[in-house]
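Structural overview
The primary structure of each chain is shown beneath.
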Amino acid sequence: MFSKGLKYPGVISFAPERPAEIFLLDVNNDDLQPISLPISKGFDMSTFNPHGLSSYIDEKDNSVYLFVVNHPHHKTTIEIFKFIEKENVLEHLKTIERPELYSVNDIVAVGPESFYVTNDHYFTDDTMKQVEMLIGSKLTNVVYYSPEEVREVATDFYSANGIAMSKDKKFIYVSDLTGHTVSVLEKHANWSLSPVKAVDLDTIVDNLSVDPVTGDIWTGAHPNGYKFFVYKEDDPPYSEVVRVQNILSNNPIITKVYVDNGSVIQGSSCASVYKGQLLVGTVYHRALHCQLE
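All of the points below concern the structure found in this document. (Residues numbered from 1 in each chain as written. Predicted model: local features only at pLDDT ≥ 70, side-chain atom pairs only at ≥ 80, totals over all residues. Heavy atoms only, no water.)

What to know about the overall build of the protein chain
Where we set the bar: Secondary structure elements are defined from DSSP: runs of H or I of at least 4 residues count as helices, runs of E of at least 2 residues count as strands, and each element is numbered from the N terminus. We compute the radius of gyration over the C-alpha atoms and compare it with the globule rule, which gives 2.2 Å times the number of residues raised to the power 0.38. Remark: exposure states derive from per-residue accessible area (1.4 Å probe, protein chains only) relative to the maximum for the residue type, with buried under 20%, exposed over 50%, and partly exposed in between. Using the Shrake-Rupley algorithm and a 1.4 Å probe, accessible areas are obtained, with residue cover drawn only from the displayed protein chains. None of His or the chain ends enter the tally, which takes Lys and Arg as positive and Asp and Glu as negative. Charged side chains are reduced to one point each, which is NZ for Lys, CZ for Arg, CG for Asp and CD for Glu.
Looking only at helices and strands, the protein chain has 2 helices and 22 strands in total. Its C-alpha atoms give the protein chain a radius of gyration of 18 Å, near enough to 19 Å, the size a compact globule of 293 residues would have. Counting only C-alpha atoms and orienting by the principal axes, one finds that the protein chain spans roughly 45 × 45 × 40 Å. Expressed as a percentage of its 293 residues, the buried residues of the protein chain come to 47%. For the protein chain, the accessible area works out to roughly 14700 Å², and carbon and sulfur atoms hold 50% of it. Distance from the positive charge centre (24 side chains) to the negative charge centre (39 side chains) of the protein chain: 2 Å.

Structure, rendered in structure tokens:
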């Protein structure tokens, strides 16, 4: 599943009048036609502004839950949906709004109602967000949420951005957008996190995904920060897809799998692999499907 239609301060939108949507894409189907998933009645679609998302499959009954970071009126809520597979419909279950979840970028679900999120800014005012990034302050964090508790579990990031969980569910990975790093955090039984290491990718690291077979980390990245943050149609932002193998080892393998100057895609923000196929999402542009060699 993936989202479309984010309207975010400072980021140009080429279709501001079009409503946001959640899509389902079956990569096992050769025609690769995404299906827009209807959302159950009662949910306010007029203010739906989806950002990061994560799915959780309940092992008890194989129910699929979708967690979506939403920015209605540029605030932050977390929306929890249940995917009704027979009807290809999302049933809205719950809206979560807490002061600790003040500037959420991305989310990783760890239970039917629990998750970790990244707050990518400390300030909520748009001007102060820009000042915060310019001065390079380490004020952003990771927050754990469950119905029983909400607490900060990691901090000291310049701009905590993408978040994902390792294949064995023992570690949480966090990308630091302007810090150019992917941090490894060990997950403990009480849901607290402790830092293990940070790996420099020498690029602006956006969202993260984990290969379900190999455990490799994949990310969409931005090799030129100025082109990414200051969009120009005649000089579009570049794109990179980076793979990190064996991140826990002393010598992780970092590979730039795909590089583009904006002629094919603009502003790659995420990259996911499945059965030899690579899907790349973007901030400004279309998605890209590739076959891995």
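Section: the sheet that holds strand S17 (residues 217-222)
Our working rule: At least two DSSP bridges between two strands are needed for those strands to be called paired. Simply put, an axis is a line fit to the C-alpha atoms, just over the touching stretch for a helix, and the angle between two N-to-C directions goes from 0 to 180 degrees.
Spatial strand order, S16-S17-S18-S19: 4 strands in an open sheet with antiparallel pairing. Both outer strands of the open sheet, strand S16 (204-210) and strand S19 (253-260), are each paired with one neighbouring strand and no more. The average angle at which neighbouring strand axes cross in this sheet is 25°, direction not considered. Pairing of strand S18 (residues 239-245) with S19, which is carried by 7 bridges, proceeds in the antiparallel orientation. The partner of arginine 243 across the bridge, within S19, is threonine 255.

Observations concerning the environment of isoleucine 163
What counts is decided by this rule: When checking whether two residues touch, look at their non-hydrogen atoms; a contact exists if any pair is within 4.5 Å.
Residue position: isoleucine 163 is located in strand S12 (residues 160-165). A C-alpha to C-alpha distance of 24 Å links isoleucine 163 and tyrosine 226, two positions 63 residues apart in sequence. When sequence neighbours within four positions are dropped, the list of residues in contact with isoleucine 163 reads Asp106, Ile107, Val108, Tyr116, Val117, Thr118, Val142, Ile172, Tyr173, Val174 and Leu208.

Here's the deal with the side chain of glutamine 266
Let me state the cut-off plainly: What qualifies as a polar contact is a pair of N or O atoms within 3.5 Å, subject to a donor-acceptor requirement within protein and to the restriction that residues adjacent in sequence count only when both atoms come from side chains.
By the secondary structure assignment, glutamine 266 is in the loop between S19 and strand S20 (268-274). Judged by relative accessible area, glutamine 266 falls into the buried class, the value being 10%. Reaching out from glutamine 266, the side chain makes a polar contact with the side chain of tyrosine 231 at a distance of 2.7 Å. Leaving out residues up to four positions away in the same chain, glutamine 266 has contacts with Tyr231, Pro236, Pro237, Ser239, Thr282, Val283, Tyr284 and His285.

Some thoughts on the packing of aromatic side chains
Which entries qualify depends on this criterion: Here a Phe, Tyr or Trp ring, Trp counted by its six-membered ring, pairs with any other such ring whose centre lies within 6.5 Å, and the pair is stacked when the planes are under 30 degrees apart, edge-to-face when over 60, and tilted otherwise.
Counted according to the given criterion, the structure contains 12 aromatic pairs. Arranged with centres 6.4 Å apart and planes meeting at 65°, the rings of phenylalanine 48 and phenylalanine 81 form a pair that is edge-to-face. Placement of the pair is phenylalanine 48 in the loop between strand S3 (35-36) and strand S4 (50-57) and phenylalanine 81 in strand S6 (residues 77-84), with a sequence separation of 33 residues. Note on phenylalanine 48: relative accessible area 5%, which makes it buried. We classify phenylalanine 81 as buried; its relative accessible area is 0%. Each ring, one from phenylalanine 67 and one from phenylalanine 115, has its centre 5.9 Å from the other, and the planes form 70°; the classification is edge-to-face. Note that phenylalanine 67 is positioned in strand S5 (residues 64-70) and phenylalanine 115 in strand S9 (residues 115-119), a separation of 48 residues in sequence. Phenylalanine 115 shares its class with phenylalanine 67; the two are buried. Following the ring pairs from residue to residue traces out a cluster consisting of Phe228, Phe229, Tyr231 and Tyr284.

Regarding the sheet that holds strand S15 (residues 193-200)
In space, the 4 strands of this open sheet follow the order S12-S13-S14-S15, with antiparallel pairing throughout. Each edge of the sheet is formed by a strand with only one pairing partner; in this case those strands are S12 and S15. On average, each strand axis in the sheet is inclined to that of its neighbour by 25°, with strand direction left out of account.

Some thoughts on the nonpolar core
Formally: Remark: nonpolar core denotes a set of buried residues (Ala, Val, Leu, Ile, Met, Phe, Trp, Tyr, Cys) joined through side-chain atoms within 4.5 Å.
Membership of the largest hydrophobic core comes to 16 residues, with the highest contact counts inside it found for Phe67, Ile78, Ile96, Leu101, Ile107, Phe115 and Val117. For this core, the elements supplying multiple residues, two or more each, are S5, S6, strand S8 (104-109), S9 and strand S10 (140-145). If near-sequence neighbours (up to four positions away) are discounted, isoleucine 107 is found in contact with Gly52, Leu53, Ser54, Phe67, Val69, Ile78, Phe115, Tyr116, Val117 and Ile163.

Regarding the layout of surface pockets
Gaps left between atoms are located by rolling a probe of water-molecule size over the structure's atoms. To be explicit about the condition: Here a cavity denotes a set of grid points, spaced 1 Å apart and computed over the protein atoms alone, in which a 1.4 Å probe fits but from which it cannot get out, and a pocket denotes an open set meeting protein on both sides within 12 Å along at least five of seven lines; residues with an atom within 4 Å of a point are reported as lining. Grid points are joined across faces, edges and corners, and a volume is the space filled by probe spheres set on the points. Here the nonpolar group is Ala, Val, Leu, Ile, Met, Phe, Trp, Tyr, Cys and Pro; Asp, Glu, Lys and Arg are the charged ones; every other residue, Gly included, is treated as polar.
If you add up the space inside the second largest pocket, you get close to 250 Å³. Taken together, 18 residues make up the lining of the second largest pocket; nearest its centre are Thr155, Asp156, Phe157, Ser183 and Pro195. Those elements that provide at least two residues to the lining of the second largest pocket are strand S11 (150-157), strand S14 (181-187) and S15. Classifying every residue of the lining of the second largest pocket gives 10 nonpolar, 4 polar and 4 charged.

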